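The lines below spell out each chain.
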Amino acid sequence: MQYLFFSWLAVFVGSWIVYVEYSSYTELCRGQECKTSLCDKYSKGVIDGTACVSLCQKETLYLGKCLSPKPNSQVYSGTWGDLEGVIRFQMETSPRYALGLAAEVRREPGAAFNQPTRGTSVERFKEMVISHLKMKLGDQANLSALSDMLLSVADSNKDGHITLAEARSVWALLQHNHFLLAAVLQEREHAPRLLGFCGDLYVMEKVPHAPLYGLSLPWLLEPLVPAGLRRRMDQWFTPSWPRRAKISMGLLELVEDLFHGTFGSFFMCDVSAASFGYNDRHELRVTDARHIVPELAFKEGMQERRCDSDRDCRHGVDCRTSCDLPKGRCSPAVTRPNLAKACDVLKDYILRGAPDDLREELEKQLYACIALRGAAELLEIEHSLILNNLKTLLWKTISHTNDSK
């Protein structure tokens, strides 16, 4: 009887796990549903893009493994002919950056592709794009250049004309934080290259080495591995130290570009190894830009958020402000700059295996960096000094090696 009971229990538990995992997968992974919807709109002339023919007619754009973090944000690995890429598209849309201010709403069929309206001129569409960018990024001096780049992307067949379907597709893409940030980061090559789009589906170049470091363990084993052992395991399969130094310089350069960059300042609200990777030349790439938030949007969002304590004033994992208790509202000023968060990620990664003549000074600079508190603009001199010291230390060590190329 005992044997029968435990056999029944094992079958029941196993079946329950399979059911939960399958339910989770079907909710998270709705790629075929999205593809059918997009191809229907393409066949009706509602949307267009460089990837539409391959997705809907030739079927050479293939959705592979589902990587979706949540149902409304569909992410797949995939192939497009001989190219490997990451395919992203939305099942739902949110009216603004996800700072906890507005609930995401279900997208009505075709609602994402109803702007601009028929009869809108290219000049008027450019004004719409610039106005949208101002709302997201603030009134920056170079928004016209960014707008021109986006209009060039919209002209998918490069015939010098933007059709209504092309304009509606790019407009839908611009509503999504990840695409907008990818476009902003294209100039300095911090983001993977945009390969193509169809409607609000877009394909980014695959980052061959991601995450930045760390092993992916089965979910059953994750809670069983002690934190100290996990940190050591994460470092086992990393490149040589000179190559890690080059990758680390890439992260420091990203921080520099996000602080008073070409298109304004941005806050990094989830600075973890999972958000970054690197290519075969050991150049850093952002693999997940969902939590890189424009300073303007962050501050406006926080000022609207009600709070009872500092715990209520948090976005993502790493962006925190304080609670103004008399007003019952969150302060707009972040408590830690991007640089301090980046140094937290780099500490174990770059100190392990560092040359003996460099290690002491490198450790000193990293801990000074981690200790930075307050908004970067209030610490501008100290922020710049530590950033330049770290870059100089790393560059001086690898500049004479092949790893610097």
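Residues numbered from 1 in each chain as written. Predicted model: local features only at pLDDT ≥ 70, side-chain atom pairs only at ≥ 80, totals over all residues. Heavy atoms only, no water.

Draft legend 1. Representation of the sheet that holds strand β6 (residues 194-198) in the model. Strands sit in the order β1-β2-β3-β7-β6 across an open sheet of five strands; the sheet is antiparallel. A strand with exactly one partner marks an edge of an open sheet, and here the two such strands are β1 (61-66) and β6. Each strand axis lies, on average, 30° off the axis of its neighbour in the sheet, ignoring direction. Bridge count for strand β3 (residues 83-90) against strand β7 (residues 201-205) is four bridges, and the pairing is antiparallel. In the sheet register, Ile 87 faces β7, and the bridge partner there is Val 203. Sheet strands touched by helix α7 (residues 177-186): β3, β6 and β7. Its angle to β7, the strand with the most contacts, is close to 40°. (Pairing = 2+ DSSP bridges. Helix = DSSP H or I, 4+ residues; strand = E, 2+ residues; numbered from the N terminus. Axes fitted to C-alpha atoms, helices over the stretch in contact; angles between N-to-C directions. Contact = heavy atoms within 4.5 Å.)

Draft legend 2. Structural context of the pairing of β3. For β3, the buried fraction is high: six of the eight residues fall into the buried class. Hairpin connection, strand β2 (residues 73-80) to β3: the antiparallel pair is bridged by two residues, and Gly 81 has positive phi, about 65°. (Buried < 20%, exposed > 50% of the residue type's maximum accessible area, 1.4 Å probe, protein only.)

Draft legend 3. How the structure looks around the state of the cysteines. Counted under the stated rule, the structure contains seven disulfides. Paired through a disulfide, Cys 313 and Cys 330 show a sulfur-sulfur distance of 2.1 Å. Taking the sign of the torsion about the S-S bond as the criterion, the disulfide between Cys 313 and Cys 330, at about -90°, is left-handed. With Cys 313 in the loop between α10 (295-304) and β12 (314-315) and Cys 330 in strand β15 (residues 329-330), the pair connects residues that are 17 residues apart, well separated along the chain. For the pair formed by Cys 313 and Cys 330, the shared burial category is buried. (Disulfide = S-S within 2.5 Å.)

Draft legend 4. Examining the pairing of β7 more closely. Where burial is concerned, most of β7 is hidden: four out of the five residues are buried. Relative to β7, β6 runs antiparallel, the two being bridged by four bridges. Pairing of Leu 194 across the sheet is with Met 204, part of β7. From the end of β6 to the start of β7, which pair antiparallel, there are two residues, and Gly 199 there has a positive phi angle of about 60°.

Draft legend 5. Looking closely at a nonpolar patch on the surface. Among the surface-exposed residues, Leu 229, Trp 236 and Phe 237 lie close enough to one another that they form a single nonpolar patch of about 370 Å² accessible area. Among the structural elements, Leu 229 can be located in helix α8 (residues 227-234). Residue Leu 229 is classed as partly exposed on the basis of its relative accessible area of 32%. (Patch = residues over 30% accessible without salt bridge, like charges linked within 9 Å, V, L, I, M, F, W, Y side chains within 5 Å. Areas by Shrake-Rupley, 256 points an atom, 1.4 Å probe, with all protein chains shown as cover. Salt bridge = Lys/Arg side-chain N within 4 Å of Asp/Glu carboxyl O.)

Draft legend 6. Broad picture of the packing of helix α9 (residues 241-258) against helix α11 (residues 338-351). Their axes nearest at 10 Å, the elements α9 and α11 cross at an angle of 175°. When the axis of α9 is compared with that of α11, the two are roughly antiparallel. When α9 is examined against α11, the residues Trp 241, Arg 244, Ala 245, Ile 247, Ser 248, Leu 251, Leu 252, Val 255 and Leu 258 are found in contact with a partner set consisting of Asn 338, Leu 339, Ala 342, Leu 346, Tyr 349 and Ile 350. Of the residues in the contact of α9 with α11, the class split is 12 nonpolar, two polar and one charged. (Parallel < 35°, antiparallel > 145°, perpendicular 65-115°, else oblique. Nonpolar A, V, L, I, M, F, W, Y, C, P; charged D, E, K, R; others polar.)

Draft legend 7. Just the environment of Ile 292, in detail. Assignment of secondary structure puts Ile 292 in strand β11 (residues 292-294). Residue Ile 292 is classed as buried on the basis of its relative accessible area, which comes to 4%. Ile 292 sits 21 residues away from Val 271 along the chain, and the two C-alpha atoms are 9.1 Å apart. The residues contacting Ile 292, other than those within four sequence positions of it, are Asn 177, Leu 181, Leu 258, Phe 266, Phe 267 and Val 286.

Draft legend 8. Inspection of the side chain of Thr 321 at higher detail. Residue position: Thr 321 is located in the loop between β13 (319-320) and β14 (323-324). Polar contacts involving the side chain of Thr 321 include one to the main-chain carbonyl oxygen of Ser 331, which spans 2.8 Å. Sequence-distant contacts of Thr 321, defined by excluding residues within four places in its chain, comprise Phe 298, Met 302, Asp 310, Cys 313, Cys 330, Ser 331, Pro 332, Ala 333, Val 334 and Thr 335. (Polar contact = N/O pair within 3.5 Å; in protein donor to acceptor, adjacent residues only side chain to side chain.)

Draft legend 9. Fine view of helix α12 (residues 356-370). Taking 1.5 Å of rise per residue, the 15 residues of α12 would be expected to cover 21 Å, and the 21 Å separating its terminal C-alpha atoms lies within 8% of that figure. The elements touched by buried residues of α12 are α9, α11 and α13 (380-398). (Expected span 1.5 Å × (residues − 1).)

Draft legend 10. Up close: the environment of Ser 169. Here Ser 169 is to be found in helix α6 (residues 164-174). A relative accessible area of 0% places Ser 169 in the buried class. Ser 169 sits 123 residues away from Val 46 along the chain, and the two C-alpha atoms are 8.5 Å apart. Beyond its immediate sequence surroundings of up to four residues, Ser 169 is in contact with Ile 47, Asp 48, Phe 197 and Gly 199.

Draft legend 11. The arrangement of the pattern of salt bridges in detail. Following the criterion strictly, the structure yields 13 salt bridges and no others. Between Arg 124 and Glu 127 there is a salt bridge, and its shortest N-O distance comes to 3.5 Å. Here Arg 124 and its partner Glu 127 are both found in helix α4 (residues 122-137), three residues apart, which amounts to about one turn of the helix. In this structure, Asp 288 engages Arg 290 in a salt bridge whose closest nitrogen and oxygen atoms are separated by 2.8 Å. You can call Arg 290 partly exposed: its relative accessible area is 25%.

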